[in-house]
Amino acid sequence: NFRKMLDDAKIFGSETTCVLHCDPLMEGQSRYWIRNRARYLATAGESDIFYVAVENITENMHLLHENQKVSRELTAIMDCVPCGILTLTRDQFRRNLTFVNKAALEIFGYSEEDFRDAYENNRQVLFAADEFEKVSEVLEKAVLQHRSYFQFRAKIMRKNGALRLVFHQGVVNYDENGANIVLVLVDMN
């Protein structure tokens, strides 16, 4: 990795980076992570001269691994609950699907890939013909009014065309990027 970083810096003429997980230098120390940044400066005789900056990122990597562990645990928990869960982000332009659990997929009758495709390309197919506008209006109104909680019932359309009445409860958190929406879906059939 380190050698490739230097080679790339010379070939491309731009700053390159690599992250290394290193064994301790002395007994009693633990393994650590370093981020290296390199820039090719010149050639002197048969040698190349590089500027290399080294940063200890061990704490950041531990936090990253802990966040990944917690994320995996939360996903496992959300996949085990008997109700559907969707998480969405809403910025100034659109609503983006960030998570869908297994129970939500079962309610809609989709695989995860098919559900994400339907959501991204034609989310109207997920609801009965007269329901999509109502659902969109409820979500937009909740966000525009900076509400932290909302609920509604709507008929969803399963992939096979069957209709189901689903109770939706939403919680909204706001940050500098917009709204983060968690929807809990309960199949009323």
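Anything mentioned here points back to the structure above.
Scoring rules and cut-offs
Numbering of residues starts from 1 in every chain and runs along the sequence as written. Since the coordinates come from a predicted model, pLDDT governs what is reported: local features require at least 70, and pairs of side-chain atoms require 80 or more to be given and counted, while whole-chain, interface and lining totals use all residues. Heavy atoms from the whole structure form the basis of all side-chain values; hydrogens and water molecules are not counted. Residues grouped as a nonpolar core are buried Ala, Val, Leu, Ile, Met, Phe, Trp, Tyr and Cys residues, joined through side-chain atoms within 4.5 Å. For each residue, the accessible area found with a 1.4 Å probe, counting protein chains only, is set against the maximum for its type, and the residue is called buried under 20%, exposed over 50%, and partly exposed in between. Here a helix means four or more residues in a row that DSSP labels H or I, a strand means two or more in a row labelled E, and each is numbered from the N terminus. The salt bridge criterion pairs a side-chain nitrogen of Lys or Arg with a carboxyl oxygen of Asp or Glu, the two atoms within 4 Å. Paired rings are identified among Phe, Tyr and Trp, the last through its six-membered ring, by centres lying within 6.5 Å, and are further divided according to the angle between planes into stacked (under 30 degrees), edge-to-face (over 60) and tilted (the rest). Note on geometry: a ring has a charge over it if NZ (lysine) or CZ (arginine) is within 6 Å of the ring centre and within 35 degrees of the ring normal. Pairs of N or O atoms are called polar contacts if they sit within 3.5 Å, as long as, within protein, a hydrogen donor faces a hydrogen acceptor (for residues adjacent in sequence, only side-chain-to-side-chain pairs). In what follows, a contact means two residues having at least one pair of non-hydrogen atoms within 4.5 Å. Within this analysis, the arc is defined by the directions that extend from the helix axis to the C-beta atoms. At least two bridges found by DSSP between two strands are what make those strands a pair. Here an angle of 0 to 180 degrees is reported between the N-to-C directions of two axes, which are lines fitted to C-alpha atoms, with helices fitted over the stretch in contact.

As for the nonpolar core
Of all hydrophobic cores here, the largest spans 29 residues; its most connected members are Leu-86, Phe-108, Phe-115, Leu-126, Phe-150 and Leu-185. When residues of this core are traced back to their parent elements, those giving at least two are strand E4 (84-90), strand E5 (95-100), helix H3 (102-108), helix H4 (112-122), helix H5 (132-144), strand E6 (149-157), strand E7 (163-175) and strand E8 (178-187). Residues Met-5, Leu-6, Ala-9 and Ala-38 belong to the second largest nonpolar core, which totals five residues.

Here's the deal with the pattern of salt bridges
One pass over the structure, following the stated rule, counts 14 salt bridges. Its salt-bridge partner being Arg-90, residue Glu-140 comes within 2.9 Å of it at the nearest N-O pair. Of this pair, Glu-140 sits in helix H5 while Arg-90 sits in strand E4, and the two are 50 residues apart along the sequence. The shortest N-O distance in the salt bridge between Glu-120 and Arg-94 comes to 2.8 Å.

Focus: the packing of aromatic side chains
Inspection of the entire model under this criterion finds five aromatic pairs. Note on Tyr-40 and Phe-50: the rings are 5.6 Å apart at their centroids and 65 degrees apart in plane angle, and the pair reads as edge-to-face. Of the two residues, Tyr-40 sits in strand E2 (residues 32-44) while Phe-50 sits in strand E3 (residues 47-56), which places them ten residues apart along the sequence. Of the residues examined, Tyr-40 reaches a relative accessible area of 24% and is grouped as partly exposed. Since its relative accessible area comes to 22%, Phe-50 is described here as partly exposed. Seen in terms of ring centroids, Phe-108 and Phe-115 are 5.1 Å apart; in terms of plane orientation they differ by 55 degrees. Their pairing is tilted. What makes Phe-108 buried here is its relative accessible area of 3%. Overall, the relative accessible area of 1% leaves Phe-115 in the buried class. Here a set of aromatic residues connected by ring pairs shows up, and it is made of Phe-108, Tyr-110 and Phe-115. One residue, Arg-123, lies across the ring of Tyr-119, its end atom 4.0 Å from the ring centre.

Points about the side chain of Thr-58
Counting through the fold element by element, Thr-58 comes out in helix H2 (residues 58-80). Residue class for Thr-58 comes out buried when judged on its relative accessible area of 14%. At a separation of 2.6 Å, a polar atom in the side chain of Thr-58 contacts the side chain of Asn-56. Setting aside chain neighbours within four positions, we find Thr-58 in contact with Arg-31, Tyr-32 and Trp-33.

Digging into H4
Among the residues of H4, those classed as buried are Phe-115, Ala-118 and Tyr-119. One side of H4 holds all its buried residues, which, seen down the axis, span an arc of 95 degrees. Exposed residues on H4 whose side chains face more than 90 degrees from its buried face are Glu-113 and Asn-121. Against E4, E5 and H3 lie the buried residues of H4.

Looking at the sheet that holds E7
Ordered by their spatial adjacency, five strands build an open sheet running E5-E4-E8-E7-E6, and the pairing between neighbours is antiparallel. Taken across any chain shown, the strands that pair with only one partner, and hence form the sheet edges, are E5 and E6. With direction set aside, neighbouring strand axes in the sheet form an average angle of 30 degrees. Sheet topology note: the E7/E8 ladder contains ten bridges and is antiparallel. The residue bridging Asp-175 from the neighbouring strand is Gly-178, located in E8.

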